[in-house]
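One-letter residues, chain by chain:
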Amino acid sequence: MATHDRPHLLVIATGWRVYREYLLRSISERFRVHLFHVAEPTWEKEYIAGWTVVPSTIDGPAMAEEALRLAEREPVDGVLCWDEARILPTAHVTEALGVPGGGPDTILRVRDKGRTRAALDAAGVPQPRSAPVTTLDEALRAAEDIGYPVVLKPRGLAASLGVVRVKDAGELRDRFEFSLSAKAPDPVGLDMPTPLLVEECVTGEEISVDAVVRHGEVSALYVGRKVVGYPPYMEEVGHVVAGDDPLLSDKGLLDALQNAHTALDFRDGWTHTEFILTADGPKLIEVNGRLGGDMIPYLGRLATGVDPGHAAAAVACGLAPDVTAAHARAAGIRFFYPAEEDTTIASVGFDQNRLPEAIDQVSPMVLPGTVVSPPPKGIVLGRIAFATAVTDTVPECHDALQAAGAALVVETGAPESGEPA
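Residues numbered from 1 in each chain as written. Predicted model: local features only at pLDDT ≥ 70, side-chain atom pairs only at ≥ 80, totals over all residues. Heavy atoms only, no water.

Novice: Any chance you could break down the sheet that holds strand β12 (residues 269-278) for me, citing the residues and the numbers?
Specialist: If you trace the eight strands from one edge of the open sheet to the other, you get β13-β12-β9-β10-β11-β14-β18-β16, paired in antiparallel fashion. Every interior strand has two partners, whereas the edge strands, β13 (281-288) and β16 (359-364), have only one. Strand after strand, the sheet turns through a mean of 25° between neighbouring axes, direction not considered. Across five bridges, strand β11 (residues 235-242) lies against strand β14 (residues 330-336) in antiparallel orientation. Its bridge partner lying in β14, V241 is registered against A331. Strands in contact with helix α11 (residues 394-406) are β10 (217-229), β11, β14, β16 and β18 (385-391); relative to β14, the strand with the most contacts, it is inclined by about 30°. (Pairing = 2+ DSSP bridges. Helix = DSSP H or I, 4+ residues; strand = E, 2+ residues; numbered from the N terminus. Axes fitted to C-alpha atoms, helices over the stretch in contact; angles between N-to-C directions. Contact = heavy atoms within 4.5 Å.)

Okay, structure coming up:
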């Protein structure tokens, strides 16, 4: 396809190369990419047709003005953002350009978990009982009404930041400040007079569903089975995606998924939706208006052959995505953490001789000199390395990732002279 025949896609920010290069690489095969970034691109230049350095990728109205100037030079067919902190600013851009993706009102309903709960409750979508709270006294009253145990969570954060399970009023008092003081790496940008939610603690397997949405019709692509650790803090220590997961054709789950998107009026884009599979059926935990984190879309591509970059870019431009699976395998990721709080990392690596063939890639996640802690102090930010694997079966995938953990080599203490701190 000639370069000028390819749709022109505006991408808002990129992220860590190890986590996001696979997306930009595949998108560039079928789309001309213009990047909005806060600095001149580096590794991204191989995959983009142009870029604009903007003062901030958090300031939506300012980016919208810049996008309109870009569109005057060359029409923009779609806008794509996969970063949680930037999907609301991006909504200002899609609204200004009149391209698919939903405006700020739509994205607010998925970014603000309190608004999500209200919309789903009005539509009768099965979900845990929930109450917005500001103070400890309000939280105690809400928990008493809902019934212990409950989950305390921030309304506007992601990646389980600030989320904790409490079994009684004493634990709620002890852990209220943990949730209230939780902060994201980037500004949240939400006006929330009640910053926390107290929610019914439903039990069952935790899953996520990555899906494309076009003209309001939801197509589930990947089901991620979570591996959760460090109770009661619900840290996501890994995920496994099976290309032949029976949940991909489960009517109850698919109906709940479609009904949730309809209730939220989310009509075009990619979403990452989390459920708990209870004895009474799936209950929706949250909907995120972006591609899944933790490399789940990458695992989905390994497991099914469906390319998330191609599909997400297509729906962003109003095009029908190719979502036909080419195969059915199992792919997973496992994150590794320091053993003790306030550990200074000198080096992180893997003994290559101990890694099984099923390991797809391994990577450190911290620089020498970084001080890290396991949860609860290091929720998400305590990760020091990850490994991915692809196998024929789910048990084989778990075994390969466990072997990768055994091959992890961590040196602690101050790094040797000359190493970056």
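Novice: Lay out helix α6 (residues 136-146) in plain terms, naming residues and giving numbers.
Specialist: For α6, the complete set of buried residues consists of A139, L140, A142, A143 and I146. All buried residues of α6 fall inside an arc of 165° around its axis, so they share one side. With respect to the buried face of α6, the exposed residues turned more than 90 degrees away are R141, E144 and D145. Check the buried side of α6 and you find it contacts β5 (130-133), β6 (150-154), α7 (169-180) and β8 (196-200). One or two steps after α6, the chain reaches G147, where phi turns positive at roughly 105°. (Buried < 20%, exposed > 50% of the residue type's maximum accessible area, 1.4 Å probe, protein only. Arc of directions from axis to C-beta.)

Novice: Report on the environment of Y19, specifying residues and quantitative values.
Specialist: With respect to the element layout, Y19 can be found in helix α1 (residues 17-30). Here Y19 falls in the buried class, since its relative accessible area comes to 14%. Taking the C-alpha atoms as reference points, Y19 and M295, 276 residues apart in sequence, are found 6.3 Å from one another. If we ignore the near neighbours within four places in the chain, the residues touching Y19 are D294, M295, F335, M365, R383 and F386.

Novice: So, the sheet that holds β5: which residues are in play, and what are the values?
Specialist: Taken together, four strands build an open sheet; the order of strands is β5-β8-β6-β7 and the sheet is antiparallel. Here the strands that pair on one side only, and so sit at the sheet edges, are β5 and β7 (164-166). Strand-to-strand twist across the sheet, computed as the mean angle between neighbouring axes with direction ignored, equals 25°. Across five bridges, the pairing between β6 and β8 is antiparallel. Counterpart to L152 in the pairing with β8 is V198. Across the sheet, α7 lies against β6, β7 and β8, angled at about 165° from β7, the strand it touches most.

Novice: Could you give an account of the pairing of β8, naming the residues involved and the relevant values?
Specialist: Each regular strand displays side chains that alternate between the two surfaces of the sheet. Counting buried positions along β8 yields four of five residues, so the element is predominantly enclosed. Where β5 lies against β8, four bridges are found, and the strand directions are antiparallel. Within β8, the position partnered with A131 by the bridge is V198.

Novice: Describe the packing of helix α3 (residues 87-97) against helix α4 (residues 104-111), listing the residues and the values that go with them.
Specialist: Running from N to C, α3 and α4 point in directions that differ by 160°, and their axes come no closer than 8 Å. Looking at the two axes, α3 sits roughly antiparallel to α4. Crossing handedness for the pair α3 and α4: right-handed. On α4, the residues that touch I87, L88, A91, H92 and E95 of α3 are P104, I107, L108 and R111. (Parallel < 35°, antiparallel > 145°, perpendicular 65-115°, else oblique. Left-handed = near helix turned anticlockwise from the far one by under 90°.)

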